[in-house]
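The chain contents come next:
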Amino acid sequence: MNRNLKEGYITPAGATKRFCQVITLNTETLEDYKFWHGSKNIWKEIPQGIRKAGILDMEIYMISNQAFMIIETPLDFDWDEAFGRLATYERQAEWEEFVSKFQVAGSGKRSEEKWQLIERIFSLSEALEEK
């Protein structure tokens, strides 16, 4: 299926869209990465900027040296426009540079350049609707 992953996936309730991303982490700094993403340790400007960019919710999960991010947005969320704005917010570029030492990523400096959007291949809600 040739799908533009930047369009997201409408959630089962139909009120929001969901995006999922993955990034490989530096195995020597996994605990540091977890520490700095803790709700008490993350720089306060970062979650404020994420919300200001139009993101309703964001979660990051880890397994081994992989981090998996789930982003929930309104239906009218425009990926490129929102992440373009996010990159201009207070301390965002500084944060991305800071966390890059914990990440094994390409040459991108912005969040959406480092994290890879991933394709959904199964939806229970959609599968049940098809029956």
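All of the points below concern the structure found in this document. The model shown is predicted, which means the values in this text are computed figures rather than measured ones.

The rules behind the values
Residues numbered from 1 in each chain as written. Predicted model: local features only at pLDDT ≥ 70, side-chain atom pairs only at ≥ 80, totals over all residues. Heavy atoms only, no water. Buried < 20%, exposed > 50% of the residue type's maximum accessible area, 1.4 Å probe, protein only. Helix = DSSP H or I, 4+ residues; strand = E, 2+ residues; numbered from the N terminus. Arc of directions from axis to C-beta. Contact = heavy atoms within 4.5 Å. Core = buried A, V, L, I, M, F, W, Y, C linked by side-chain atoms within 4.5 Å. Phe/Tyr/Trp six-rings, centres within 6.5 Å; stacked < 30°, edge-to-face > 60°. Lys NZ or Arg CZ within 6 Å of the ring centre and 35° of its normal. Polar contact = N/O pair within 3.5 Å; in protein donor to acceptor, adjacent residues only side chain to side chain. Salt bridge = Lys/Arg side-chain N within 4 Å of Asp/Glu carboxyl O.

Considered for burial, the residues of helix H2 (residues 45-52) that qualify are Glu45, Ile46, Gly49 and Ile50. An end-on view of H2 places all buried positions within 135° of arc, on one side of the element. Summarising the geometry of H2, the exposed residues directed more than 90 degrees from the buried face are Arg51 and Lys52. Those residues of H2 hidden inside the fold are in contact with strand S3 (57-63), helix H3 (79-86) and helix H4 (92-100).

For the rest of this paragraph, the subject is the nonpolar core. Counting residues in each nonpolar core, the largest one holds 25 residues, and the members touching the most others are Ile71, Phe77, Phe83 and Trp95. Contributing elements (two or more residues each) for this core: strand S2 (16-25), helix H1 (30-36), H2, strand S4 (66-74), H3 and H4. Setting aside residues up to four positions removed in sequence, Trp95 forms contacts with Trp36, His37, Ile42, Trp43 and Ile46.

All right, on to the packing of aromatic side chains then. Within this structure, the stated rule accounts for 11 aromatic pairs. Between Trp36 and Phe98 the ring centres are 5.1 Å apart and the planes differ by 90°, which places this aromatic pair in the edge-to-face class. Linking Trp36 in helix H1 with Phe98 in helix H4, this pair joins segments that are 62 residues apart in sequence. An aromatic cluster of at least three residues, connected via ring pairs, comprises Tyr33, Phe35, Trp36, Trp43, Trp95, Phe98 and Phe102. One Lys or Arg, Lys52, reaches over the ring of Tyr89 and ends 4.5 Å from the middle of that ring. If you follow Arg91 out to its NZ or CZ, it ends over the ring of Trp43, 4.0 Å from the centre.

Moving on to the side chain of Gln103. Structurally, Gln103 is set in strand S5 (residues 103-104). Looking at Gln103, its side chain comes within polar contact range of the side chain of Lys114, at 2.8 Å. Residues contacting Gln103, with those up to four places away along its chain left out, are Ile23, Thr24, Leu25, Asn26, Tyr33, Lys114 and Trp115.

Another point: the pattern of salt bridges. Within this structure, the stated rule accounts for 9 salt bridges. Where Glu31 meets Lys34, a salt bridge forms, and the shortest distance between an N and an O atom there is 3.5 Å. With Glu31 and Lys34 both in helix H1 and 3 residues apart, this pair spans about one turn of that helix. Arg120 is the partner of Glu126 in a salt bridge, and the nearest nitrogen-oxygen pair spans 2.8 Å. A relative accessible area of 28% places Arg120 in the partly exposed class. Taken together, the shared-partner salt bridges connect Lys44, Glu45, Arg91 and Glu94 into one network.

On to H3. Of all the positions in H3, only Trp79, Ala82, Phe83 and Leu86 are classed as buried. Viewed end-on, H3 has its buried residues packed into an arc of 90°, placing them on one side of the element. Looking at where H3 begins, the residue whose side-chain oxygen comes 3.3 Å from the main-chain nitrogen of Asp80 is Asp78.

Function cannot be read off these values alone, since they describe shape.
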